[in-house]
Each structure stands twice: as C-alpha cells, then as structure tokens.
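# Close look at the chain arrangement
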Amino acid sequence: MKVLITGASGFLGSFLCERFLSEEYEVIGIDNFITSHIKNVSHLLENKNFKFIELDVCDLDINILRDTKVDIILHFASPASPVDYYKYKIETMLVNSVGTKRLLDIALKYNSRFVLASTSEIYGDPLVHPQNENYWGNVNPIGPRSVYDEAKRFAEALSMAYYRTYNLDIRIIRIFNTYGPRMRINDGRVVSNFIVQALKGQRLTVYGDGNQTRSFCYVDDLIEGIYRFSTYENLKGEVINLGNPIEFKVIELANLVMEFIPSARGVEFLPPLEDDPRQRRPDISKAKLLLNWEPKISIKEGLKLTINYFKKELEL
Ligand code: UDP
C-alpha cells in the first residue's frame, strides 16, 4: 500500500510518515519547507520505503507519480500557526485551494482515498460550545485569521464537491490545538512559546486577559486518531473532530508551565489578538464512536515530554 503525504517534514506530517512506514506502507512525502525543516524526516531518508520530494503542492503535476497508484493521499501541507499564516497569507490561501485541487485531481486519477487536514479554525469564534461536527462556525471572512479559516473552509467544500460529483473517498479531519516534540522554537503557538520563554528565563507572554480557552492534545494521541481515520474502511464523506476535550484557560496553561519550569519569570500581559477565539473545545463523540479513539496522554505528561524536547533543542 502506498500513501502520499504533503507537509511531510512538518510537525504532524513527519510523525505521519513515521507511522505509515512503521505499518509497512510505502510513503511519498512532499514539502517545500516553508514552515518546516528537513531534520524532521532526515532519519527516514535512508528507508527504502520512503521517498521525499521537495516541492510546493501548488506546482504539483498530475503526472508526478507517473503510473504508480497511491492508495491514500493525506494533505497536511499548510502554515498552521497564526504567526505563520499572518506572515504567509497568500501561500496559506493557495496551498489550501490550488494545492487541494491538484491533490484531488491526483486522487481522482488513481481513485485514491483523500484525507484533508482541516482545523478547528473553521468554527471561528464559536457560538456553540463544545463544538461538534454539525456546527457551521462563526468566522470573520475578512479578518486577519481569514486567510487560514476561509482557505480551510474552501478546502473542505472542494473536497465535498469531489465526493458528491465523483463519489471519491473523501475524509475531513478538524484538528484542534496539538502540541509536542518537533514544534519549532519560533512556531509562535502558545505551548511552544510558553515553554521556550520559561526555559530561557523570560516572562510568559499572555495575549489579553488569559481567560480565553483552548484544549491541548499531545501529538501521539492525535497521530493515532489520524491513522485510524485514514485507514479504517467505510468512512467515505465523513468529517471528524480530533483533539483533546479537556479545556484550559491560557492563564492556567501558563501557571502549569511555570510549575514545571522554575526558571520562568512570571507572566507578561500583552494586548489581545484581533479575532482571537474566546473558547474552543472539541466534542469528540463521533471519533469515539467511529474510531474507538480518545486521547490518553494527560497535559502534565505531555508537557514533560515537550519540555524535554525543547531543552535539547535549546541545548540546555
Ligand atoms: N497565546 C498567548 N501567548 C502566546 C501565544 C498564544 O496568550 O505567546 C494565546 C492566543 O492568543 C490564543 C491561545 O493562546 O488565545 C492559543 O494560541 P495559538 O497560537 O497556540 O493557537 P490558536 O488556537 O489561536 O490557533
């Protein structure tokens, strides 16, 4: 069996390459390194079942695979941290629109299963809490986050159009906040920022009053959910939330990180970000039912593992 994974050297993509290789799949990975690093997959390059192509998904030629059929395509290429998509606005919109179209056409050519990495961002600043898959969201189409939110909403709509038009095996995963090793030091997301700031003996930057909430899933749990959703039979056209349903205020997360890293120098409150969602928590009943999946790793365990990773990265 063969899989094509875009965003292969990214945070999630690289773990997916590893997971599919360990399950005896042949893996073709594509990445243009816009927000990722080759070091995440350098240990896989010697593996005879792994092929890596440096390429922007928007430039993907329909004949790139020649006549090798791929069984599953996982589209995980996209800037995903707010800091990244504020910087790469147009690239974010294009990889999720043009890039998604190119991959769907390849899926159509080979009748491959197509798994889209979507996001909890499609719910915007949600008016329904927790969010289940039937909620349509509350998104500002012209705000600073729209480059990501609307691009992913378009990618979802385009994928469903291919499902309805061609009966392709389309599957959509709405991924909630995830953390763990291989996040970049300057990724800009809250978990990596707080850990790196604390380890450097700096103050933790809290945007706004810190009462906004998120639910944080450790990467190993998420990868298990993605693997099941991508490989189980009879899930054509399904949309699923994957994330940890335990909700924290950002200020609570800051306090937890400071508990683990005594070198932290307290908290610095900065102005709130524009359109920052006030709350976010996945309803994962559907994942439990279809995949028998739920996260197993507690925030304390996950933070410890992630802190150890960043200590090594910072050579502390
Ligand atoms: N945040 C923060 N300090 C930081 C980075 C983020 O207070 O240094 C807040 C941010 O305003 C948001 C939450 O943490 O409310 C999660 O932000 P992140 O960028 O990790 O992900 P998002 O869920 O916004 O995509």
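Everything below is about the structure printed above this text.
Residues numbered from 1 in each chain as written. Predicted model: local features only at pLDDT ≥ 70, side-chain atom pairs only at ≥ 80, totals over all residues. Heavy atoms only, no water.

With that settled, the discussion passes to unusual backbone geometry. Excluding glycine, a negative phi dihedral is what most residues carry, and trans is how most peptide bonds are arranged. In this structure, Pro130 follows His129 across a cis peptide bond, with omega equal to -10 degrees. Checked against the element boundaries, Pro130 lands in the loop between strand S5 (113-119) and helix H4 (146-166). Even without being glycine, Asn111 reaches a positive phi, approximately 55 degrees. (Helix = DSSP H or I, 4+ residues; strand = E, 2+ residues; numbered from the N terminus.)

Applying the stated criterion to the full structure yields 23 salt bridges. Arg113 serves as the salt-bridge partner of Asp169, at 2.9 Å between the closest nitrogen and oxygen. Here Asp169 is found in the loop between H4 and strand S6 (170-175), whereas its partner Arg113 is found in strand S5, with 56 residues between them in sequence. The class of Asp169 is buried, set by a relative accessible area of 14%. Among the salt bridges present, the one from Asp276 reaches Arg145, with a minimum N-O distance of 3.7 Å. A residue pair is termed long-range when its members are at least 10 positions apart, and Asp276 in the loop between strand S13 (267-270) and helix H8 (285-291) and Arg145 in the loop between S5 and H4 qualify at 131 residues. Accessibility assignment for this pair places Asp276 and Arg145 in one class, buried. Overlapping salt bridges, with partners in common, bring together Glu121, Arg145, Arg214, Asp276 and Arg280 in one network. (Salt bridge = Lys/Arg side-chain N within 4 Å of Asp/Glu carboxyl O. Buried < 20%, exposed > 50% of the residue type's maximum accessible area, 1.4 Å probe, protein only.)

Take the packing of helix H3 (residues 89-110) against H4 next. Their axes nearest at 8 Å, the elements H3 and H4 cross at an angle of 15 degrees. By the criterion of interaxial angle, the relationship of H3 to H4 is roughly parallel. Relative to H4, the crossing made by H3 is right-handed. Seen from H3, the contacting residues are Lys89, Thr92, Met93, Asn96, Ser97, Thr100, Lys101, Leu104, Asp105 and Leu108; seen from H4, they are Val147, Tyr148, Ala151, Lys152, Phe154, Ala155, Leu158, Ser159, Tyr162 and Tyr166. Partitioning the contact of H3 with H4 into residue classes produces 11 nonpolar, 5 polar and 4 charged. (Axes fitted to C-alpha atoms, helices over the stretch in contact; angles between N-to-C directions. Parallel < 35°, antiparallel > 145°, perpendicular 65-115°, else oblique. Left-handed = near helix turned anticlockwise from the far one by under 90°. Contact = heavy atoms within 4.5 Å. Nonpolar A, V, L, I, M, F, W, Y, C, P; charged D, E, K, R; others polar.)

If you trace the backbone, Arg228 turns up in helix H6 (residues 219-231). When its relative accessible area of 18% is taken as the criterion, Arg228 is described as buried.

Bringing H3 into the picture now. Given a rise of 1.5 Å per residue, 22 residues ought to cover 32 Å, and the 31 Å separating the end C-alpha atoms of H3 matches this to within 8%. Residue Val95 marks the point of greatest curvature in H3, where the axis turns by about 30 degrees. Those residues of H3 not exposed but buried are Thr92, Val95, Asn96, Ser97, Gly99, Thr100, Leu103, Leu104, Asp105, Ile106, Ala107 and Tyr110. At its buried positions, H3 is contacted by strand S1 (2-6), strand S4 (72-75), helix H2 (82-87), S5, H4 and S6. Residue Asn111 follows H3 closely and has a positive phi angle near 55 degrees. (Expected span 1.5 Å × (residues − 1). Bend = angle between axes of the 7 residues up to and from the residue.)

The subject of this paragraph is the site of the ligand. By nearness alone, 18 residues border the ligand, and Arg145, Val190, Thr205, Arg214 and Asp276 come closest of all. In this structure, an oxygen atom belonging to the ligand sits 2.8 Å away from a side-chain N or O atom of Arg145. In isolation the ligand has 520 Å² of accessible area, and contact with the protein removes 96% of it. Listed by contribution, the elements that provide at least two residues to the shell around the ligand are helix H5 (190-199) and strand S8 (204-207). Taken together, the residues that form the shell around the ligand break down as 7 nonpolar, 5 polar and 6 charged. (Near = heavy atom within 4 Å. Polar contact = N/O pair within 3.5 Å; in protein donor to acceptor, adjacent residues only side chain to side chain. Areas by Shrake-Rupley, 256 points an atom, 1.4 Å probe, with all protein chains shown as cover.)

A separate point is a nonpolar patch on the surface. On the surface, Ile90, Leu94 and Val98 cluster together into a nonpolar patch covering about 250 Å² of accessible area. By relative accessible area, which is 36% here, Leu94 ends up partly exposed. (Patch = residues over 30% accessible without salt bridge, like charges linked within 9 Å, V, L, I, M, F, W, Y side chains within 5 Å.)

Attention now moves to the nonpolar core. Grouped together as the largest cluster of nonpolar side chains are 64 residues, with contacts concentrated most on Phe20, Leu74, Ile226 and Leu303. Top element by residues in this core is helix H1 (residues 11-22). It accounts for 7 residues. Core analysis: the next-biggest nonpolar cluster, separate from the first, contains 26 residues, Ala77, Ala107, Ala155 and Leu158 among them. (Core = buried A, V, L, I, M, F, W, Y, C linked by side-chain atoms within 4.5 Å.)

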